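# An overview of the molecular structure
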Protein chains: 2
Amino acid sequence: MCQLLGMNCNVPTDICFSFEGFCARGGKTDEHRDGWGIAFFENKGCRIFIDVKPSIHSPIAELVRAYPIHSTHVISHIRKATQGEITLENCHPFRRELWGRYWVFAHNGDLPGFQARDTSFYQAVGNTDSENAFCYILEALKQNFPHCKPPLDEFYPVLNDVTKTLSTQGIFNYLLSDGDYFFAHCSTKLYYIVRQAPFAGAHLIDEDVTVDFSELTTPSDRVAVIATTPLTDNEVWTQIQPGELLVFQDGVPISPNSFTSQESMF
Amino acid sequence: MCQLLGMNCNVPTDICFSFEGFCARGGKTDEHRDGWGIAFFENKGCRIFIDVKPSIHSPIAELVRAYPIHSTHVISHIRKATQGEITLENCHPFRRELWGRYWVFAHNGDLPGFQARDTSFYQAVGNTDSENAFCYILEALKQNFPHCKPPLDEFYPVLNDVTKTLSTQGIFNYLLSDGDYFFAHCSTKLYYIVRQAPFAGAHLIDEDVTVDFSELTTPSDRVAVIATTPLTDNEVWTQIQPGELLVFQDGVPISPNSFTSQESMF
């Protein structure tokens, strides 16, 4: 299986601290050695770094740890291969364009035997269940909304339905974003924490590193970090309930009821 | 305007030497300061590094210069913005998936007023003429070959036709690849060189750097480097003729006549 890391904020923030602990699980404190990747949105733009090397040995991961890229929507993944060889095309996150936006997806779990059948618009390049599931989601979205991105209250039920269908095929924890919407689905295991004023210190589980967020933030900053298991040992992380599809906005999960009348920002 | 750099080889090769000289044009020896990018294919897998910083100041370009990534198909670009702001989504190369392959595209030139009209399958994320032209090419390919990638002898005339159409709109030098096929189109200015045994030394124009390829190669290696203007001052570069769409394979341009009976490798 794999592990997920996501970040959603109300102002562009670097993920260096969380990524430091997460990275250690890619071969040092845990066994997720079969590649890794991270996607940063900067408005509509998106850059993805991927590598087949374990994150603890990858020069590209070293760059990401050392070079603070500020982003409001980040999705990262370390891989322990279940389906698909250890190749670049099988590294998460995956990316496709839909409605003139880049969509990025990373998956933790296993969907034995799942194959996307309708590939009118999207086809997997590699041979993971994860990329096939991503294409399946995008096909469903494109077929429901052929021309443009719908507001969140129309988008959510469609994504929720296709997620439930896929969840019947196995374990399906995932993160999905286009740099505007940010979704986190828990099938078995996924946690989050919201950091906001008053900020305090945090200490990583996987590395002996502490950061005092009060020195790095302004009082209005808000950051949600989502991870397969908690990354710090002195903060309280919230477990997302199995079957729950959360929407994060401006660094906080919002209730499906709260966006029924919301308009899309695009 | 911008500059292009491409590489096509018969064995995975690093582009560090050529990229060193090319990078210098992103703010040191030339004025292409508005972002840069590079795509490496590793079989079907593809990774793209992009940055809005000038390539001479970008920590990510520094990584690419220092960390030899071996690839058979590479496309790189340094930008001097004509259309579209200096944002991440406007950095080349652009990438989309078609027929279960990643396609990568970079453009040098300017297509004033061109807007892709049919966006059934592909839509630009940024607002450059270049990304719109790329989407237009992919739409044409998808509509001509809806289900799977055709052999080169069927593919080439369609690409050539859509390229000629786009060329009527302005200047349209480009590089296009899926990690299997590799195309270089010259509208006004594009050069290439084929390096093969017996290998010799090469000296960059933009940096005082020399490399002796005979020390780094085996006799069967063959590498084609394609660039907007020659990168070395002691080798003979061939100018591609305006209007010519070249196909590179295993480090050498192949004639359209030579692949009339060739089967696709995929």
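Residues numbered from 1 in each chain as written. Chains lettered and ligands numbered in written order. Predicted model: local features only at pLDDT ≥ 70, side-chain atom pairs only at ≥ 80, totals over all residues. Heavy atoms only, no water.

### Some thoughts on the packing of aromatic side chains
When we look at a pair of aromatic rings, we describe it by the centre distance and by the angle of the planes. Counting across every chain of the model gives 36 aromatic pairs over all chains. Where phenylalanine 19 of chain A meets tryptophan 36 of chain A, the ring centres are 5.7 Å apart and the plane angle is 55 degrees; that geometry is what we call tilted. One end of the pair, phenylalanine 19 of chain A, is in helix 1 (residues 16-24); the other, tryptophan 36 of chain A, is in strand 2 (residues 36-42), with 17 residues separating them in the sequence. For tryptophan 36 of chain A, a relative accessible area of 1% corresponds to the buried category. An angle of 40 degrees between the planes, with centres 6.2 Å apart, marks the rings of phenylalanine 105 of chain B and phenylalanine 172 of chain B as tilted. Of the two residues, phenylalanine 105 of chain B is situated in strand 6 (residues 101-110) and phenylalanine 172 of chain B in strand 7 (residues 171-177); the sequence distance between them amounts to 67 residues. Like phenylalanine 172 of chain B, phenylalanine 105 of chain B is buried. Here the aromatic cluster, defined as three or more aromatic residues joined through ring pairs, consists of Trp99, Trp103, Phe145, Phe155, Tyr181 and Phe183 of chain A. Just above the ring of tyrosine 102 of chain A sits the side chain of arginine 95 of chain A; from NZ or CZ to the centre is 3.9 Å. Geometry around tyrosine 181 of chain A places lysine 149 of chain A over its ring, the cationic atom sitting 4.0 Å from the centre. (Phe/Tyr/Trp six-rings, centres within 6.5 Å; stacked < 30°, edge-to-face > 60°. Helix = DSSP H or I, 4+ residues; strand = E, 2+ residues; numbered from the N terminus. Buried < 20%, exposed > 50% of the residue type's maximum accessible area, 1.4 Å probe, protein only. Lys NZ or Arg CZ within 6 Å of the ring centre and 35° of its normal.)

### What to know about the pairing of strand 8 (residues 182-185) of chain B
Residue and element names in this part refer to chain B. Side chains of strand 8 alternate between two faces, with Phe182 and Ala184 and Phe183 and His185 buried alike. Across 4 bridges, the pairing between strand 7 and strand 8 is antiparallel. Note on strand 8: the bridge partner recorded for leucine 176 is phenylalanine 183. Linkage of strand 7 to strand 8, two consecutive antiparallel strands, is achieved through a turn of 4 residues, within which glycine 179 is found at a positive phi near 85 degrees. (Pairing = 2+ DSSP bridges.)

### Overview of the interface of chain B and chain A
The partner chain A presents 33 residues to the 33 residues of chain B that form the contact. Counting the surface lost from both chain B and chain A, the interface buries some 2,800 Å², and carbon and sulfur atoms represent 54% of this. Run the count over chain B and chain A and you get 4 salt bridges. Arginine 47 of chain B is the partner of aspartate 51 of chain A in a salt bridge, and the nearest nitrogen-oxygen pair spans 3.0 Å. Joining chain B to chain A, the criterion identifies 18 residue pairs in polar contact (both at pLDDT 80 or more). (Contact = heavy atoms within 4.5 Å. Buried area = accessible area lost by both parts, 1.4 Å probe. Salt bridge = Lys/Arg side-chain N within 4 Å of Asp/Glu carboxyl O. Polar contact = N/O pair within 3.5 Å; in protein donor to acceptor, adjacent residues only side chain to side chain.)

### Comments concerning the relation of the copies chain B and chain A
With an RMSD of 0.0 Å, chain B superimposes on chain A once it is rotated by 180 degrees and translated 0.0 Å along the axis. Here the copies are linked by what is in effect a two-fold axis. Most of the interface of chain B is mirrored in chain A, where 100% of its interface residues again form contacts. (Least-squares fit on C-alpha atoms with pLDDT ≥ 70 in both.)

### Section: the pairing of strand 12 (residues 222-227) of chain B
Residue and element names in this part refer to chain B. Taking burial as the measure, the 6 residues of strand 12 include 5 buried ones, the bulk of the element. In this structure, strand 1 (residues 3-13) lies alongside strand 12, joined through 5 bridges in antiparallel fashion. Within the sheet, the bridge partner assigned to methionine 7 lies in strand 12 and is valine 225. Bridge count for strand 9 (residues 191-196) against strand 12 is 6 bridges, and the pairing is antiparallel. Considered in strand 12, the bridge of tyrosine 191 is made with alanine 227.

### Brief notes about the state of the cysteines
Residue and element names in this part refer to chain A. Counted under the stated rule, the structure contains 0 disulfides over all chains. Not part of a disulfide, cysteine 186 finds its nearest cysteine sulfur in cysteine 2, a span of 15 Å. Cysteine 186 gets classed as buried once you look at its relative accessible area, which sits at 0%. (Disulfide = S-S within 2.5 Å.)

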